[in-house]
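# Architecture at a glance
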Amino acid sequence: MSTRHRLLALGTAALLAGACSDNPAGLDEHDDGHDDQLIVTLTLSEDHLHTLNAITFEVSVVDGHGDVVTDFESLEVEYLREDGGNTWRGIDMVLHTNHFEGEHTFGSSGEYHLRVSALRHGETVPEVIYEAPDHYEVARAHFEVGHVRIEFESFPGHMHEGEEATLRFWVLEEGAPIVGLDSEIQCEESGGAVENHPGTEIEPGVYEAVHTFGEAGEFHAGIEFLDHHGETVSGDFHMHISHGH
């Protein structure tokens, strides 16, 4: 479990003066009965993050007196992929007595920045009350069968019914790519429809196929091949296909 916390003061002035510092700023008290000095703690359910694995995020907030603060109109954990532009995306958090919880499954690997934003009662614009000082690394989903390690990622990472995506598999043995495999990439839709594609080796040990999703729901993407030891290797990854919009 990964936990990070920070001391921060709410308010526009605090954001401008202290967003990059752990030092609190002294501001006047608000009418909600809490002082402006907040200690925000962000906890993740996993120390090592992987795509396709549901991660639980937990946020707790206390003021400078140690009193729990939950009286926000809304609160989100936001994430930004380092090489994915400048659009922050939010994870809705639900209040659980004295803290907030939310769940998210990353569809794309890479380095992510995390922050927490909150909307106070009577306000119209959320304020960033926490920014993680370090990035979080999200690795590709993988499994190991015998001496073979298979990693998987789809492009794009978030998929909708009716859309097309590239399903890509990295096949390795003791860290080295296994080249020249005659592979089959197997796709199973939530309703049970199955479509198989020949795997194309786009670079050493990396095999892919393009698939169009027929329906929303649970989707299985698998690969099967005969390795160089004469053994049949197979396995699949589960992901969610969203409704079109």
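Residues numbered from 1 in each chain as written. Predicted model: local features only at pLDDT ≥ 70, side-chain atom pairs only at ≥ 80, totals over all residues. Heavy atoms only, no water.

## Notes on the pairing of strand β19 (residues 200-203)
Applied cut-off: Following DSSP output, two strands are said to pair if at least two bridges run between them. In DSSP terms, a helix is any run of H or I states spanning at least four residues, a strand is any run of E spanning at least two, and both are numbered starting from the N terminus.
Relative to strand β20 (residues 206-212), β19 runs antiparallel, the two sharing 3 bridges. Opposite E203, over in β20, you have V206 as the bridge partner. Hairpin connection of β19 to β20: 2 residues between the antiparallel strands, including G205 at a positive phi of 80°.

## Quick look at empty space enclosed by the protein
Where empty space is left can be seen by rolling a probe of water-molecule size over the atoms. The criterion, for reference: A 1.4 Å probe that fits into a set of points on a 1 Å grid over the protein atoms alone but cannot get out defines a cavity; an open set with protein on both sides within 12 Å along at least five of seven lines defines a pocket, and lining residues are those with an atom within 4 Å of a point. Grid points are joined across faces, edges and corners, and a volume is the space filled by probe spheres set on the points. Any residue outside Ala, Val, Leu, Ile, Met, Phe, Trp, Tyr, Cys, Pro, Asp, Glu, Lys and Arg is labelled polar, Gly included; the first ten of those are nonpolar and the last four are charged.
In this structure the tally under the stated criterion is 2 cavities of 30 Å³ or more. In this structure, the second largest cavity occupies an estimated 30 Å³ of space. Lining the second largest cavity are T51, L52, G107, F152, E153 and S154. Residues that form the lining of the second largest cavity fall into these classes: 2 nonpolar, 3 polar and 1 charged.

## Quick look at the packing of aromatic side chains
Convention followed: The rule is short: rings of Phe, Tyr and Trp, with Trp giving its six-membered ring, pair when the centres are within 6.5 Å, and they are stacked under 30 degrees, edge-to-face over 60, tilted in between. When accessible area is computed with a 1.4 Å probe and restricted to protein chains, residues below 20% of their type maximum are described as buried, those above 50% as exposed, and intermediate ones as partly exposed. Definition used: whenever NZ (Lys) or CZ (Arg) falls within 6 Å of the ring centre and also within 35 degrees of the ring normal, the charge is taken to sit over that ring.
Counted according to the given criterion, the structure contains 10 aromatic pairs. Between F152 and F169 the ring centres are 4.9 Å apart and the planes differ by 50°, which places this aromatic pair in the tilted class. Linking F152 in strand β13 (residues 148-155) with F169 in strand β15 (residues 164-173), this pair joins segments that are 17 residues apart in sequence. Judged by its relative accessible area of 1%, F152 falls in the buried class. By relative accessible area, F169 is classed as buried at 0%. Between F213 and F219, the aromatic rings sit 4.9 Å apart at their centres with planes inclined by 85°, giving edge-to-face as the arrangement. Residue class for F219 comes out buried when judged on its relative accessible area of 0%. Of the aromatic side chains, those joined through ring pairs into one cluster are F57, Y79, F106 and Y112. Between the NZ or CZ atom of R115 and the centre of the ring of W88, over which it lies, the distance is 4.0 Å. Taking NZ or CZ as reference, R140 lies 3.7 Å from the ring centre of W170, over its face.

## Things to note about the confidence of the model for the protein chain
What counts, and what does not: As a per-residue measure, pLDDT tells how confident the predictor is, with possible values from 0 to 100. In this analysis, two residues are considered to be in contact whenever any of their non-hydrogen atoms come within 4.5 Å of each other.
Looking at the protein chain, the pLDDT average stands at 87 and 85% of residues meet or exceed 70. Across residues 5-32, confidence stays below pLDDT 50; counting only partners more than four residues off in sequence or on other chains, it has 61 contacts.

## Observations regarding the sheet that holds strand β17 (residues 183-188)
Read across the sheet, 5 strands follow the order β14-β22-β21-β17-β18 without closing on themselves; strand pairing throughout is mixed. Looking along the sheet, the strands with just one partner apiece sit at the ends: β14 (159-160) and β18 (194-198). Across 5 bridges, the pairing between β17 and β18 is antiparallel. Directly across from E184, in β18, lies its bridge partner P198.

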